[in-house]
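Chain residues, written in single-letter form:
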Amino acid sequence: MLYKNGKVLKALENISDFTIHQASLKDNGIYHCTGIKEDGHYVSSNSVEIQVQGLFPPPVLTASPTYPIEGRAVTLTCLTQPVPQRPDVQLQFQFLRDNWTLESDWRSSPEFQITTVWREDSGSSYWCQARRVTSLVQKKSQRFQMYVQRVTAKIRIYTYPELALEGQKLVIICSVGGIQEPITFFWYKKTNKLSRRTKIHTSSEREFRIPVLTDSHAGEYCCVARNRHYSFFSDLVTVSVKVPVSPPILTLSPLGARTLEGDVVTLLCEVQRGSLPISYQLFHKGVLLKKIGATSWRTISFQLFLTEEHSGNYYCTADNGLGPQHSKAMSLSVFVPVSRPVLTLRTPRAQTVEGDMVELHCEAQRGSPPIQYQLFHKDVALGSSSSPSAGGATFNLFLKAEHSGNYICQANNGLRVQHSDTVSLSVRVPVSRPVLTLRTPRAQAVEGDVVELHCEAQRGSSPILYQFFHEDVALGSRSSPSGGGAPFNLSLTAEHSGNYSCKADNGLGAQRSEVMTLSVIVPVSRPVLTLKVPGAQAVEGDMVELLCEAQRGSPPILYRFYHENVTLESSVSHSGQGVSFNLSVTAEHSGNYSCEVDNGLGPQYSEAVTLHITGLTGSRIGPVATGVTGGLLSIMGLAAVALLLYGWPLRKAGRRPTSNSSRNPSDSDSQEPTYHNVPAWIELQPVYSNVNPKGGDIVYAEVQSVPGKSKHAVASAPGLLKNTMRPATCLPSHLRPASLWPSAACSLPQDSSVIYSQVKGPSTPASVPQLMALSAPHR
């Protein structure tokens, strides 16, 4: 494979030679070859660079002279020569013009002469070719454009004297330079009526003489200078017999009642007699306005596109070189329709505020007086004013909020009605005192609720910036770009309770709302129940304090204590602090205790706390047993007395005592009853509840008899303590103390019977209270 400049040039197959028969510049490059040995391995040769040199450089075509003159010869030369290495190379040349050969055969001479060139040869493209005689090597020159110069001569025609008067001698002179003699002069006259020229004289002299001028000699003259090769024509010279002009007449066209600005009028300046040409001038207030040079017209028109400045006196002059003549003055009055007026607003401050005095000034910059001005607000006319001279008209307004809007003014001088651009006036109204309202999702604001504070000023220009304050501390701000107030949302916490206010400000003075109080009710947290015993272990007879406390929650908080889910005590805390409950424990008080808190937002329950009561030691069994036995006998006696005293009147009346089965333990009085559990081996288990709301003035003893099924019934029944609880609210209405809750109720088991004992008062015998005190259970 043969490569040239890294690319495959030819596959040689089994031939190892490659021949370039006619080397040229395109064969320049770096060559190498590759092959495959018998064993299949590829091999590559060394690289060889071939640099082909030209026999001669491309020719260059030149012309001598470079800028030939029309009618003369020019020589073209095709310049090139063989390189020094091949000085014996013989070359041939060929010359071409616009792709056409100047001669059909190649020549050995590098020169070619064009005998005569003409103006039409200018711009033609010439070029040449050179070739080696014995080979096909051939090269072209760049194209060359030839510009043929025109033959010029200095020829001028003029008269002497320049101003020819009728009856005078006139000489017309034809001056020529730059052409070869002999020269023959031909004289031509161009009449006013004929466009062709007429030969009037031929001479070798340069002058043509007219001895006496008459009107017939007036006209245009020219001369022609001719030699053997060329003819040269002069310009025209005008010969006229001068007659002084008469005073011109200035007239206005068209004639009308009045001339308005923007109209086009023509001023005619006419000369009755006088030699042509005549120059005309138009003057306005003595100042040259327009000028028309020498013309052959006796009447000249001046067109004017009228403006206000064109009012005044006009006159024209005519002059044919023998002295100017003036027309009479003519007066022209131009009436100007009003231009579009400009309405400007003049205010005492940057922003217009309700109560300000503002000035609306309407003025048309142009227009013939008098001008009638009118002011409009929202297309309603507010007033009008006439201006006899320049300066416009002024309208004053004492601003109200209703004056906001668009204003325009109108100008009218009887020629045209024009309206100004719209001017917007925005009357800023200071904000009124805002109103702060609270929007809550429920009747009371509770911690965690999202409430909206809405601040709104009923009056005031937008935009209004509203700021919200809590105890005079800024909470945030909201902008209301189009009225309607601004909301501010709060996700309530306990700290958000307090006084709130808002402030409205639109840059014209801030206003603050009245103070609004927000009370955030905090739901109670989960309470903690604490049992405090006097020793390391609770023993029968100990006084145990049950303390229930919720760390968070808005007061008042209702506390309830439970033993095995049976209500023991309830109390209301108005300060938010915890509540304690003292209990003189017996063995039956062992078990799980818990408490409940509720401030109306949902109850929370403490974790259960287990209390284990151990029995008395041996040294204490005797006295305790004796005391228990005495207590039981006292209880039985008290039950019998109560049964006789309370049951007898009921049987006599023929009815049984009733109880309210809808009693709710949670509604008991804050002063709880005292409980005592009777041993289970008694057939009828009396349970007692003493209430002393007045500190000892009244004692009521309730005895409930519950049939016992086993000696462990009391201890095993979790509902027993709940059903045996009898607060003072279970009293008949005529015995219930007034300090107790009137809505409280109580319930009794269906299989129990209640016996009411005598009520102790100030007149009760001393023996009854002693018996009741003897049988009173431990608290």
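Residues numbered from 1 in each chain as written. Predicted model: local features only at pLDDT ≥ 70, side-chain atom pairs only at ≥ 80, totals over all residues. Heavy atoms only, no water.

In the nomenclature of an unreviewed UniProt entry, the protein chain is known as Fc receptor-like protein 5 isoform X5 of Camelus bactrianus.

## A few points about the overall build of the protein chain
Rule in force here: Each helix is a run of DSSP H or I of at least 4 residues and each strand a run of E of at least 2, with the numbering of both proceeding from the N terminus. With a 1.4 Å probe rolled over the protein chains alone, any residue whose accessible area is under 20% of its type maximum counts as buried; one over 50% counts as exposed, and the rest are partly exposed. Note on contacts: a residue pair qualifies if any of its non-hydrogen atoms lie within 4.5 Å across the two residues. Only the protein chains shown count as covering a residue, and every accessible area follows the Shrake-Rupley method with a 1.4 Å probe.
Counting its regular elements, the protein chain contains four helices and 60 strands. Among the 779 residues that make up the protein chain, the fraction classed as buried is 39%. Within the protein chain, residue pairs in contact and separated by at least 24 positions form 60% of the contacts whose partners lie at least 6 positions apart. Total accessible area on the protein chain is roughly 43,800 Å²; 51% of this is exposed by carbon and sulfur atoms.

## Structural notes on the state of the cysteines
The condition is simple: Cysteine sulfur pairs qualify as disulfides if the two atoms are within 2.5 Å.
Inspection of every chain in the model, using the stated rule, returns six disulfides. At a sulfur-sulfur separation of 1.8 Å, the disulfide partner of Cys174 is Cys223. Around the S-S axis, the bridge from Cys174 to Cys223 shows a dihedral of about 65° and counts as right-handed. Residue Cys174 is found in strand 15 (residues 170-177), and its partner Cys223 is found in strand 19 (residues 219-226); the two are separated by 49 residues along the sequence. Classification of Cys174 as buried rests on a relative accessible area of 0%. Accessibility expressed as a relative area gives 0% for Cys223, which makes it buried. Residue Cys455 pairs covalently with Cys502 via a disulfide, S to S 2.0 Å.

## Notes on the nonpolar core
The test is simple: The term nonpolar core refers to a set of buried residues drawn from Ala, Val, Leu, Ile, Met, Phe, Trp, Tyr and Cys, joined through side-chain atoms within 4.5 Å.
Judged by nonpolar contacts, the single largest core of 22 residues is most densely connected at Ile172, Val176 and Trp187. Those elements that place two or more of their residues in this core are strand 14 (154-160), strand 15, strand 16 (184-190), strand 18 (207-210), strand 19 and strand 21 (237-239). Apart from the residues within four sequence positions on either side, Val176 is in contact with Lys154, Ile155, Ile183, Phe185, Arg206 and Ala225. Ranked by size, the runner-up nonpolar core spans 21 residues in total, among them Ala550, Ile557, Val579 and Leu611.

## Considerations on the sheet that holds strand 40 (residues 435-439)
Spelled out, the test is: A strand pair is defined by DSSP finding two or more bridges across the two strands. Simply put, an axis is a line fit to the C-alpha atoms, just over the touching stretch for a helix, and the angle between two N-to-C directions goes from 0 to 180 degrees.
Taken in spatial order, the three strands of this open sheet run 40-42-45, and their pairing is antiparallel. Two strands in the sheet have a free side with no partner beyond their single neighbour: strand 40 and strand 45 (486-491). Averaged over neighbouring strand pairs, the angle between their axes works out to 20° when direction is ignored. Sheet topology places strand 42 (residues 450-456) next to strand 45; six bridges connect them, and they run antiparallel. Residue pairing across strands places Val451 opposite Leu490, the latter belonging to strand 45.

## Re the sheet that holds strand 33 (residues 357-363)
With respect to topology, three strands assemble into an open sheet ordered 32-33-36, the strand pairing being antiparallel. Only two strands of the sheet have a single neighbouring strand rather than two, namely strand 32 (342-346) and strand 36 (393-398). Strand-to-strand, the axes of this sheet are offset by a mean angle of 20°, without reference to chain direction.

## Some points on the pairing of strand 25 (residues 278-284)
Buried residues dominate strand 25, accounting for five of its seven residues. Where strand 25 and strand 26 (residues 287-295) come together, six bridges link them in antiparallel fashion. Looking at strand 26, one finds that Gln281 is bridged to Lys291. Joining the antiparallel neighbours strand 25 and strand 26 is a turn of two residues, in which Lys285 adopts a positive phi near 55°. Of the pairings in the sheet, the one linking strand 25 to strand 28 (residues 312-319) comprises six bridges and is antiparallel in character. In the sheet register, Ser279 faces strand 28, and the bridge partner there is Asp319.

## A few points about the pattern of salt bridges
Oppositely charged side chains can form a pair if their charged atoms are brought close together. Using the following cut-off: A carboxyl oxygen of Asp or Glu within 4 Å of a side-chain nitrogen of Lys or Arg is what we treat as a salt bridge.
Within the structure shown, the criterion is met by 14 salt bridges. With a closest N to O distance of 2.7 Å, Asp421 and Arg340 form a salt bridge. Of this pair, Asp421 sits in the loop between strand 38 (417-419) and strand 39 (423-425) while Arg340 is found in the loop between strand 31 (334-335) and strand 32, placing the two residues 81 residues apart along the sequence. A salt bridge links Glu596 to Arg560; its shortest N-O distance comes to 3.3 Å. You can see Glu596 sitting in strand 55 (residues 591-598) and its partner Arg560 sitting in strand 52 (residues 557-563), a full 36 residues away along the chain.

## Describing the environment of Met1
Note that Met1 resides in the segment before strand 1 (2-4). Overall, the relative accessible area of 35% leaves Met1 in the partly exposed class. Residues Met1 and Thr34, 33 residues apart in the sequence, show an inter-C-alpha distance of 5.3 Å. Look past the residues within four positions of Met1 in its chain and what remains in contact with it is Val8, Lys10, Ala11, His32, Cys33 and Thr34.

## Concerning the side chain of Gln129
Applicable threshold: Think of a polar contact as two N or O atoms within 3.5 Å of one another; within protein, one of them needs to be a possible hydrogen donor and the other a possible acceptor, and neighboring residues in sequence only count if both atoms come from side chains.
By the element assignment, Gln129 lies in strand 11 (residues 125-132). Within the structure, Gln129 has its side chain in polar contact with the side chain of Gln138 (distance 3.0 Å).

## As for a nonpolar patch on the surface
The condition that has to hold: Patch members must show over 30% relative accessible area and no salt bridge, and they are joined within 9 Å when carrying like charges or within 5 Å when they are nonpolar side chains of Val, Leu, Ile, Met, Phe, Trp or Tyr.
A grouping of Leu9, Phe18 and Ile20 is seen on the molecular surface, where their side chains present a nonpolar patch of about 230 Å² in accessible area. Summarising the element assignment, Leu9 is placed in strand 2 (residues 7-10).

## Concerning unusual backbone geometry
Working note: non-glycine residues mostly have negative phi, and peptide bonds are mostly trans. Note the cis peptide between Tyr160 and Pro161, where omega equals -5°. Mapping Pro161 onto the fold places it in the loop between strand 14 and strand 15. Residue Pro463 is bonded to the preceding Ser462 through a cis peptide linkage, with omega at 0°. Among the structural elements, Pro463 can be located in the loop between strand 42 and strand 43 (464-470). Even without being a glycine, Lys378 presents a positive backbone phi close to 55°. Mapping Lys378 onto the fold places it in the loop between strand 34 (371-377) and strand 35 (380-387). Positive phi, normally seen in glycine, also occurs at Glu564, with a value near 50°.

## Notes on the packing of aromatic side chains
We apply this condition: Classification of ring pairs rests on two measures: the distance between centres of Phe, Tyr or Trp rings, Trp counted by its six-membered ring, which must be within 6.5 Å, and the angle between planes, read as stacked under 30 degrees, edge-to-face over 60 and tilted in between. Placement of a charge over a ring requires the Lys NZ or Arg CZ to be within 6 Å of the ring centre, with the centre-to-atom vector within 35 degrees of the ring normal.
Taken as a whole, this structure holds five aromatic pairs when the rule is applied. Their ring planes at 25° and their centres at 5.6 Å tell us that Phe95 and Phe112 sit as a pair that is stacked. Taken together, the positions of Phe95 in strand 8 (residues 91-97) and Phe112 in strand 10 (residues 111-114) put the pair 17 residues apart, joining distant regions of the chain. In this structure Phe112 comes out as buried when scored by relative accessible area, which is 12%. Judged by centre distance (5.7 Å) and plane angle (35°), the ring pair of Phe561 and Phe581 falls under tilted. Taken together, the positions of Phe561 in strand 52 and Phe581 in strand 54 (residues 579-584) put the pair 20 residues apart, joining distant regions of the chain. The exposure classification of Phe561 matches that of Phe581, with both residues buried. A cation sits over an aromatic face here: Arg131 above Trp106, 4.2 Å from the ring centre.

## Considerations on the side chain of Ser387
Here Ser387 lies in strand 35. You can call Ser387 buried: its relative accessible area is 5%. Here the side chain of Ser387 touches Ser389 through a polar contact of 2.4 Å, landing on its backbone oxygen.

## Regarding the environment of Ile157
You can see Ile157 is positioned in strand 14. In this structure the C-alpha to C-alpha distance between Ile157 and Cys223, which are 66 residues apart in sequence, comes to 7.1 Å. Ile157 has contacts with Ile172, Ile173, Cys174, Trp187, Tyr221, Cys222, Cys223, Ser234, Asp235, Leu236 and Val237, leaving out every residue within four places of it along the chain.

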